[in-house]
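# Observations on the three-dimensional arrangement
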Amino acid sequence: MEIYQKLLDGNKAWVAKRLQEDPTFFERLSKGQSPQVLWIGCSDSRVPANEITGTLPGEIFVHRNIANMVIHTDMNMLSVLDYAVNVLKVRHVIVCGHYGCGGVQAAMGSQQFGLIDNWIRHIKDVYRLHEQELESISDPQARFDRLVELNVMEQVFDLSKTSIIQNAWKTRQLPYIHGWVYSIKDGLIRDLKVSMDHTSKLPPYFRSENPVLA
Ligand code: CO
């Protein structure tokens with residue numbers, strides 16, 4: 001059987017299971033969404049947001065790209081963030097990285113992979129920022145794991161630098177931003193405890209003040 005056929009069959013079985021558990025499931029969801037969480041995760045096929053968090057359609061608004069990056073000129077990410085924060089009014093934004101991330105691994109090497117090198121270069125900037133700490137770790141696996149964590153931390157910080165987040169913090173003291181790492185080896189998520197919220201203090205050059213909201 002071709003894989004695409006397996007997907008279509010899987011969909012039918014899934015619908016039957018959902019309806020068995022809740023006959024109004026699709027009818028309810030068709031009326032609209034009000035997720036409380038925006039998830040920014042890696043595109044890696046092993047890290048599906050809903051499945052690993054035991055959540056259902058309707059509970060998480062999702063943005064995924066290679067290595068769960070928050071790049072300031074990425075219109076896709078900015079549009080998702082703006083919609084989630086200002087229209088859906090999510091309470092939480094979660095950046096979830098994962099150990100064994102191929103994007104992060106590529107950033108630690110020097111091999112060319114093509115167009116993606118330009119995306120990966122942002123992770124190299126994270127490496128440079130934390131070069132001292134990373135180069136003090138002699139075990140290559142431990143250094144790789146640490147860069148995965150530092151990359152998540154920097155993306156949390158990058159979110160806080162956006163005017164979208166700063167304006168929302170000013171007007172409604174939300175959302176909370178969290179940094180998590182998922183382990184492909186045991187399926188567990190680790191909270192890096194690098195959360196930021198409206199009380200977080202940013203360096204003056206990263207503050208983005210809207211005179212209308214002042
Ligand atoms: Co990845």
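Structure shown above.
The present account deals with the structure reproduced in this document. These numbers were taken from a predicted model, which means no experiment stands behind them. (Residues numbered from 1 in each chain as written. Predicted model: local features only at pLDDT ≥ 70, side-chain atom pairs only at ≥ 80, totals over all residues. Heavy atoms only, no water.)

### So, the coordination of the cobalt ion
The criterion, for reference: Note: metal donors comprise N, O and S atoms at 2.8 Å or less from the metal (3.2 Å for Na, K and Ca); water molecules are not included, so apparent gaps in a site are possible. Throughout, exposure labels follow a simple rule: accessible area from a 1.4 Å probe, protein chains only, divided by the maximum for the residue type, with under 20% read as buried, over 50% as exposed, and the rest as partly exposed.
The protein atoms donating to the cobalt ion are C42 (SG), H98 (NE2) and C101 (SG), with metal-donor distances spanning 2.0 to 2.3 Å. Overall, the relative accessible area of 5% leaves C42 in the buried class.

### Focus on the sheet that holds strand β2 (residues 60–65)
The following threshold applies: Two strands are said to pair when DSSP picks up at least two bridges between them. Strands here are runs of E lasting at least two residues and helices are runs of H or I lasting at least four, both read from the DSSP assignment and numbered beginning at the N terminus. Axis definition: a line fitted to C-alpha atoms, over the contacting stretch in the case of helices. Angles run 0 to 180 degrees between N-to-C directions.
With mixed pairing, 5 strands are arranged side by side in an open sheet as β2-β1-β3-β4-β5. Looking along the sheet, the strands with just one partner apiece sit at the ends: β2 and β5 (189–191). Across the sheet, the mean angle from the axis of one strand to that of its neighbour is 25°, orientation sign disregarded. As paired strands, strand β1 (residues 37–42) and strand β3 (residues 92–98) are joined by 5 bridges and run parallel to one another.

### What about the nonpolar core?
Generally speaking, nonpolar side chains in soluble globular proteins are found buried as a group. We count it as follows: Nonpolar cores are built from buried Ala, Val, Leu, Ile, Met, Phe, Trp, Tyr and Cys residues. Side-chain atoms within 4.5 Å join them into one set.
The biggest cluster of nonpolar side chains holds 45 residues, and the ones touching the most others in it are L38, L81, V104, I123, L147, V148 and L159. Breaking this core down by element, the ones donating at least two residues are β1, α4 (75–87), β3, α5 (102–107), α6 (117–129), α8 (140–161), α9 (163–172) and β4 (176–182). With 7 residues, the single largest contributor to this core is α8. V37, W39, I60 and C96 belong to the second-largest nonpolar core, a separate cluster that totals 10 residues.

### Quick notes on the pattern of salt bridges
For clarity, the threshold we go by: Throughout this description, the term salt bridge denotes a Lys or Arg side-chain nitrogen within 4 Å of a carboxyl oxygen of Asp or Glu.
Evaluated as defined, the whole model comprises 8 salt bridges. With a shortest N-O distance of 2.7 Å, R46 and D44 are connected by a salt bridge. When its relative accessible area of 14% is taken as the criterion, D44 is described as buried. Linking E133 and R146 is a salt bridge whose minimum nitrogen-to-oxygen distance equals 2.5 Å. On the criterion of sequence distance, the pair formed by E133 in helix α7 (residues 131–135) and R146 in helix α8 is long-range, its members being 13 residues apart. Classification of R146 as partly exposed rests on a relative accessible area of 22%.

### Topic: the packing of aromatic side chains
Going by this rule: Each aromatic pair joins two rings of Phe, Tyr and Trp (for Trp, the six-membered one) with centres within 6.5 Å, and gets the label stacked for planes under 30 degrees apart, edge-to-face for over 60, and tilted for any other angle.
Counted by the stated rule, this structure contains 6 aromatic pairs. On the basis of an interplanar angle of 80° and a centroid distance of 6.3 Å, the ring pair of W39 and W180 is categorised as edge-to-face. In this pair, W39 sits in strand β1 while W180 sits in strand β4, placing the two residues 141 residues apart along the sequence. Taken together, a centroid distance of 5.8 Å and an interplanar angle of 40° make the contact between F61 and Y83 tilted. Of this pair, F61 sits in strand β2 while Y83 sits in helix α4, placing them 22 residues apart in sequence.

### Remarks on the side chain of T162
The line we're drawing: Polar contacts, as counted here, are pairs of nitrogen or oxygen atoms within 3.5 Å of one another; within protein the pair requires one atom able to donate a hydrogen and one able to accept it, and residues that are adjacent in sequence qualify only if both atoms are side-chain atoms. Two residues form a contact once any of their heavy atoms are found within 4.5 Å.
Looking at the secondary structure, you find T162 in the loop between α8 and α9. Taking relative accessible area as the criterion, T162 reaches 6% and is therefore assigned buried. Looking at T162, its side chain comes within polar contact range of the main-chain oxygen of L159, at 2.7 Å. Apart from residues no more than four positions distant in its own chain, T162 is found in contact with H72 and L81.

### Examining α4
The condition is simple: Helices are assigned an expected span. That span is 1.5 Å times one less than the residue count. Read the arc as the range of directions from the helix axis to the C-beta atoms.
Compared with an ideal rise of 1.5 Å per residue, which puts 13 residues at 18 Å, α4 spans 17 Å between its outermost C-alpha atoms and is within 8% of the ideal. Restricting attention to buried positions, one finds in α4 the residues M77, L78, V80, L81, A84 and V85. End-on, the buried residues of α4 take up no more than an arc of 165°, which puts them together on one face. Exposed side of α4, more than 90 degrees from the buried face: M75 and V87 are the residues found there. In the core, the buried residues of α4 are packed alongside β1, β2, α8 and α9. Directly after α4, the chain includes K89, whose backbone phi takes a positive value near 55°.

By themselves, these observations are geometric and do not establish any function.
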